[in-house]
Protein chains: 2
Amino acid sequence: MTPAAPAYRRLSVEERRSQLLEAALTLFAHRAPEDVSLDDVAEAAGVSRPLVYRYFPGGKQQLYEAALRSAADQLRLCFDEPRQGPLLPRLGRALDRYLAFVDEHDAGFSALLQGGSVVETSRTTALVDGVRRAAADHIHSHLGVTDPGPRLRMTVRMWITSVEAASLIWLDEDKQPPAGELRDWLVDQFVAGLTVTAARDAQTAELVRGALTAGT
Amino acid sequence: MTPAAPAYRRLSVEERRSQLLEAALTLFAHRAPEDVSLDDVAEAAGVSRPLVYRYFPGGKQQLYEAALRSAADQLRLCFDEPRQGPLLPRLGRALDRYLAFVDEHDAGFSALLQGGSVVETSRTTALVDGVRRAAADHIHSHLGVTDPGPRLRMTVRMWITSVEAASLIWLDEDKQPPAGELRDWLVDQFVAGLTVTAARDAQTAELVRGALTAGT
């Protein structure tokens, strides 16, 4: 006889880990890292403190770093966008997902970008730089550019940084303007930035004439 | 009888302090803070290690912070520009001074912006945020705006952040393009950013029609 599935299923190691990270992220999203204890995480996840330690023997610092890494991974997922259809709506959809992430994680997003106070800064910085590089790679790839020159790269990275700045200000300003308006504004800033660079760079000029406007 | 002035004048407290900070900044500009010792600073300034300690009893951390603060003060000075003549050349001259600072301090500038590894990060961040706020205030003031609305403020802060990003990339890329070209590019990006915002914001639209183009 096959036993009936238990009403209360044990979580797998991966599931439990994700659950703890999600609980930690939510806490870090609303409080400064130094104001979050492992007891808080255990309570939020409905588990015992020893169980949190079993998963994160390095304690709070390890948990904090893992939570940041998980946030970084989620951010990368925002950039996943099929390579079909006009370019600017693709950028708009990626920005929608990104802004939804910013909206949901709020203070946790600021903590991720501005570096925590309990964790070694260089590692947080490396994590965030990895996300920035991933964003830039996605943009180059969608633009159909395999060998971006220095001016195009600088333009794309300037835009990515200004999107981060806009997100932090947006959180400071009670999420005004509405996300949809901010998204359109950021897409327009992207086009404007590339257009300025196009006047100085043949590769960018070709993009502005071609891929960027095709099908829009 | 009046004694003849000594051939070797003792430095005043302020002069000595400045000399030590300048030596420290130069060292931090070429090496990571953790690779700079107080002995190095003493040697670079041609003084004894106890004298460095007399001025900075908190040791390396205090010296590092003071050097960053001095760099931040120097950066603020870059923004000082008479309120006369067309606006964009004023912005260009401020950028020239800023890029000269970046050029001169190089790795020290990156250290200032990215936070050091020996100093408490929140204090470095507050220092840099102060410089950013000063830059934004200068821009609003030159634009003749006393009460900048959220969209204008966000646009200005996005541009300031993207200038920082451009500076760091510029250092990474062996200072290419030449400073003069980068300056013009950044000024054009400023105008393009405001122009995009002008389509959504009456206050910015008025600036783009008026102050920004007057006399150019």
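Residues numbered from 1 in each chain as written. Chains lettered and ligands numbered in written order. Predicted model: local features only at pLDDT ≥ 70, side-chain atom pairs only at ≥ 80, totals over all residues. Heavy atoms only, no water.

**Section: the overall build of chain A**
Applied cut-off: Helix and strand labels come from DSSP, where a helix needs a run of H or I of at least four residues and a strand needs a run of E of at least two; each type is numbered from the N terminus. Only protein chains enter the calculation, and the probe is 1.4 Å; a residue is then buried if its accessible area is under 20% of its type maximum, exposed if over 50%, and partly exposed in between. Residues are treated as being in contact if the distance between any of their heavy atoms lies within 4.5 Å. For every accessible area listed, the method is Shrake-Rupley and the probe measures 1.4 Å; residues are considered covered only by the protein chains on display.
Scanning chain A from N- to C-terminus turns up ten helices and zero strands. Listing every helix and strand of chain A by position from the N terminus yields α-α-α-α-α-α-α-α-α-α. Within the span of chain A, comprising 216 residues, buried residues form 50% of the whole. Residue pairs in contact within chain A that sit at least 24 positions apart in sequence constitute 67% of those at least 6 positions apart. Entry remark: accessible area of chain A is about 10,600 Å², with carbon and sulfur atoms responsible for 53%.

**Some details on helix H10 (residues 202–209) of chain A**
Residue and element names in this part refer to chain A. Heads up, the condition is: By arc we mean the arc of the directions from the helix axis to the C-beta atoms, nothing more.
What H10 keeps buried is the set Thr204, Ala205, Leu207 and Val208. Buried residues along H10 cover an arc of 160 degrees about the axis, so they all sit on one side. Counted as exposed and oriented over 90 degrees from the buried face of H10: Ala202, Glu206 and Arg209. Looking at the buried positions of H10, the neighbouring elements they touch are helix H8 (150–172) and helix H9 (179–198).

**Some thoughts on the UniProt feature "domain: HTH tetR-type" (unreviewed entry) in chain A**
Rules: UniProt positions are given in the numbering used here, feature names are shortened, and annotations may be inferred rather than shown by experiment.
In this numbering, the UniProt entry assigns the feature "domain: HTH tetR-type" (unreviewed entry) to residues 14–74 of chain A. In this annotation, residues 14–74 of chain A is assigned 79% helix and 0% strand; the end-to-end C-alpha distance for the span is 16 Å.

**A few points about unusual backbone geometry**
All names here are of chain A. The omega torsion of the bond from Gln176 to Pro177 falls at -5 degrees, within 30 degrees of zero and hence cis. Residue position: Pro177 is located in the loop between H8 and H9. Its identity is not glycine, yet Lys175 carries a phi of approximately 55 degrees, on the positive side. For Lys175, the location among the structural elements is in the loop between H8 and H9. For Lys175, a relative accessible area of 24% puts it in the partly exposed group.

**Here we look at the relation of the copies chain B and chain A**
Inclusion rule: The superposition of copies rests on a least-squares fit of C-alpha positions from residues with pLDDT of 70 or more in both.
With an RMSD of 0.0 Å, the fit of chain B onto chain A corresponds to turning through 180 degrees and sliding 0.0 Å along the axis. Such a turn and shift between the copies fits a two-fold axis.

**Considering the side chain of Arg90 of chain B**
Residues and elements named next belong to chain B. We count it as follows: We treat Lys and Arg as the positive residues and Asp and Glu as the negative residues; His and chain ends play no part in the count. Think of a salt bridge as a Lys or Arg side-chain nitrogen and an Asp or Glu carboxyl oxygen that are within 4 Å of each other.
Topologically, Arg90 is positioned in helix H5 (residues 87–105). Among buried Asp, Glu, Lys and Arg side chains, Arg90 stands out as unpaired, with Glu81 the closest opposite charge at 6.0 Å. Residues within four places of Arg90 in sequence aside, it is in contact with Glu81, Pro82, Arg83, Gln84, Gly85 and His142.

**With respect to the pattern of salt bridges**
For the structure on display, the rule yields 26 salt bridges over all chains. Close ionic contact of Asp106 of chain B with Lys175 of chain B constitutes a salt bridge, the shortest N to O distance being 3.0 Å. Residue Asp106 of chain B is located in the loop between H5 and helix H6 (107–114), and its partner Lys175 of chain B is located in the loop between helix H8 (150–172) and helix H9 (179–198); the two are separated by 69 residues in the primary sequence. Accessibility expressed as a relative area gives 25% for Asp106 of chain B, which makes it partly exposed. The partner of Arg183 of chain B in a salt bridge is Asp184 of chain B, and the shortest N-O contact between them spans 2.6 Å. Taking the relative accessible area as the measure of exposure, Asp184 of chain B reaches 37% and is therefore partly exposed. What emerges from the salt-bridge pattern is a single network uniting Glu81, Arg93 and Arg97 of chain A.

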